[in-house]
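Here is how the chains run, residue by residue.
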Amino acid sequence: MRIRKIGWMTFNVVVVCSALIMLAPFFWMVSTAIKPLEDVLSKVPILIPERITFEPFLLAWGAANFARYYLNSMIVALAAVFTATFFCSLGGYGFAKYEFAGREIFFMAILATLMLPESVTIIPLFLMVKTAGWVNTYQGIIIPQMMSGFALFIIRQFVSRVPDEMIHAARIDGASEFRIFFQVILPTIKPVLATVAIVTFMSSWDSLLWPIIVISSKEMRTVPVGLTIFSEEHALINYNQLMAAATLSMVPVVTFFVILQRYIVRGIVMSGLKG
Amino acid sequence: MKISTFNSNILQSKNRRWRKVAYHPLIPYAFILPAFSWFMVVRMFPFIFSAFISLYRWPIIQAPTYIGIDNYILVLRDPVFLNSLVKTAHYVAGQIFIGIPLSLGLALILNAVAGPIRTVARTCFFIPVVTGLAVIAVVWMWILEFPYGIMNYVLSFVGLPAQGWLRDPKLAMHSVIGVSIWKNVGFNMIIFLAGLQGVPYVYYEAAKIDGASGWQLFKNITLPLLKPVSMFVFIYTTIGAFKVFAQVYIMTDGGPGDSTRVLVLHIYQTAFSFLKMGKASAMAIYLLLIILFVTLLQIKYMRTERYY
């Protein structure tokens, strides 16, 4: 796009300003997290902390139990990532490369469920989980996050581009169907798997509505739930601890993102361009 | 598909040696079984179950009583429900009519800016997108604190008085909308950016030779060619906006009063605080219908114009 001379300066300024607006709240979060309480509650906000303390972080991690919340979120997220990537790859491959009776109908059925808002499933899901005795357990938290329609779609899309000849060749060489899946398909679709893994991880780490319903004890809380309850209990007071907890909560996802930007952006662009 | 004609011919072949090459006809079902059963058990079945529950009065502590469609009528008369419809509509409107043009504008600007600045800016815009809702809600709650939150401090520089961003019923919803826009603008921007980069430069050149102005370039080349991307952004943003929960739950919990009590929050509270499972299920079904209706409208509206 042609860059007009006068426009160039303005554009850059706008970009830089907007980028700063995006980051400013996080700076303020960290700034609050390393202040002693009196400085946090001062009437005139102290932008750059004069006295620094890491005690809020220690308190958040220990007394406020965030270490445990982290562990729980990790377990849940990793389990969700594993099941989603594995089973949706199986499914994506099945839908993409095989023809079988009812293929379209099955696919439509799955498509239909993607339109359902979470609200319409949580009540029965809670009753089902309660009957199974899985309230407040890891299984209970993980099961509604186990798969991802997005993953199924994207993998199916990608797999349909794998040349049929590769599969034929493996078949003629005598490979079993599952062996073809593991040794031919999976290696070929690694980029998509990476995208799916990251997106699923982020979505699982962030989920709130279901965990809030199914978790009833302090030990089983995931990070967002822990953060929510902490903010309810400590509202108006321990903001530095709250911000420290928030900072800790951000670390995994943002780290993943910074390292693996390409895949995430590609995943989002793929879903956008293919509709 | 080539592969299946190959195999079905082989399956029918009487030649035993070739038959061994084909795969067992049940294999594809094995592949899709885990994913498909999950979607049915965890999504389809609960949905149908929900529809059933909505026909009952069920306060959980007692057994359910059948009341037919009474819940649906009751809900329509519930002022809090009607209010939540209005609040949700307000929220959705904010996301669509402010958030989307903002992200498009930023995409246009970013598209015109050179490489390194663009990449760094892109990362900056994306950090709110990937950061968890709980973190963002909590941080903004602190920023918008009255009267000593930093937002009010910034206001004082411009000479404006401190506002109760989340405490004033007139401002609360706007604040929530603003926070969500702040979070999501990067997401839509990236998608628009990708779409913009798919517009062949030659179109602009040709139009400029014919003397087209900047605005005409935008209206007659950029917008039409962005149609598929815009459609996705519109629909995705709308559906996501109808389902808003976490930010509202953490920042305002529906208050002050009922000024931010959006639909999903009301459903959650009706079911798990007031234990009215039947009523909540009916409301959830209404939400589903609304989403379906609005999405179909959007698809229909955007399909009426052709693009090249």
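Look a little higher up for the structure.
Residues numbered from 1 in each chain as written. Chains lettered and ligands numbered in written order. Predicted model: local features only at pLDDT ≥ 70, side-chain atom pairs only at ≥ 80, totals over all residues. Heavy atoms only, no water.

K.L.:
Give a description of the overall build of chain A that names residues and reports values.
P.N.:
Looking only at helices and strands, one finds 14 helices and zero strands in chain A. In sequence order, the secondary structure elements of chain A are arranged as α-α-α-α-α-α-α-α-α-α-α-α-α-α. The C-alpha extent of chain A, read off along each of the three principal axes, is 75 × 65 × 35 Å. Taking all 275 residues of chain A together, 57% fall into the buried category. Residue pairs in contact within chain A that sit at least 24 positions apart in sequence constitute 73% of those at least 6 positions apart. When the accessible surface of chain A is split by element, carbon and sulfur atoms take 69% of a total near 12,200 Å². (Helix = DSSP H or I, 4+ residues; strand = E, 2+ residues; numbered from the N terminus. Buried < 20%, exposed > 50% of the residue type's maximum accessible area, 1.4 Å probe, protein only. Contact = heavy atoms within 4.5 Å. Areas by Shrake-Rupley, 256 points an atom, 1.4 Å probe, with all protein chains shown as cover.)

K.L.:
Got a sec to walk through the packing of aromatic side chains? Specific residues and values, please.
P.N.:
In this structure the tally under the stated criterion is 41 aromatic pairs over all chains. With a centroid separation of 5.1 Å and 85° between ring planes, the pair formed by A:Tyr93 and B:Phe31 is classed as edge-to-face. With A:Tyr93 in helix α4 (residues 66–97) and B:Phe31 in helix α3 (residues 27–53), this pair bridges two chains. The same class applies to A:Tyr93 as to B:Phe31, namely buried. Taking the centre distance of 5.6 Å and the plane angle of 85° together, the rings of B:Tyr249 and B:Tyr268 count as edge-to-face. (Phe/Tyr/Trp six-rings, centres within 6.5 Å; stacked < 30°, edge-to-face > 60°.)

K.L.:
Account for helix α6 (residues 119–131) of chain A, naming residues and giving values.
P.N.:
All names here are of chain A. Spanning 13 residues, α6 covers 19 Å between terminal C-alpha atoms, matching the ideal 18 Å at 1.5 Å per step. Of all 13 residues in α6, ten are buried; the element is thus mostly enclosed. When α6 is considered as a whole, its buried residues turn out to be Ser119, Val120, Thr121, Ile122, Ile123, Pro124, Leu125, Phe126, Leu127 and Val129. Where α6 terminates, the next one or two residues include Gly133, which has phi positive at roughly 70°. (Expected span 1.5 Å × (residues − 1).)

K.L.:
I'd like a rundown of the environment of A:Val214, residues and numbers included.
P.N.:
All names here are of chain A. Mapped onto the elements, Val214 comes out in helix α12 (residues 209–214). Its relative accessible area of 0% is what places Val214 among the buried residues. Through-space distance from the C-alpha of Val214 to that of Met22 is 33 Å; in sequence the pair is 192 residues apart. Setting aside its immediate chain neighbours within four residues, Val214 contacts Val129, Trp134, Val135, Asn136, Gly140 and Ile141.

K.L.:
Help me get a handle on unusual backbone geometry, residues and values and all.
P.N.:
Apart from glycine, the bulk of residues carry a negative phi angle, and the bulk of peptide bonds sit in the trans form. Residues and elements named next belong to chain B. A cis amide bond, omega -5°, links Gly255 with the succeeding residue Pro256. Backbone geometry places Asp253, a non-glycine residue, at a positive phi of 50°. Considering the arrangement of structural elements, one finds Asp253 in the loop between α13 (246–251) and α14 (263–272).

K.L.:
If you had to explain the pattern of salt bridges to someone new, which residues and values would you point to?
P.N.:
This structure, assessed with the given rule, holds seven salt bridges over all chains. For A:Lys97, the salt bridge goes to A:Asp164, with nearest N and O atoms at 2.6 Å. One end of the pair, A:Lys97, is in helix α4; the other, A:Asp164, is in helix α9 (residues 164–172), with 67 residues separating them in the sequence. Both residues of the pair, A:Lys97 and A:Asp164, count as buried. The partner of B:Glu145 in a salt bridge is B:Arg167, and the shortest N-O contact between them spans 2.5 Å. (Salt bridge = Lys/Arg side-chain N within 4 Å of Asp/Glu carboxyl O.)

K.L.:
Can you tell me about the interface of chain A and chain B, naming the residues and giving the values?
P.N.:
Across the boundary between the two partners, chain A contributes 102 residues, which contact 96 residues of chain B. For the pair chain A and chain B, the two sides together bury roughly 9,200 Å², of which 80% comes from carbon and sulfur. The interface formed by chain A and chain B holds zero salt bridges in total. In this structure, the connection of chain A to chain B is made through seven residue pairs in polar contact (both at pLDDT 80 or more). (Buried area = accessible area lost by both parts, 1.4 Å probe. Polar contact = N/O pair within 3.5 Å; in protein donor to acceptor, adjacent residues only side chain to side chain.)

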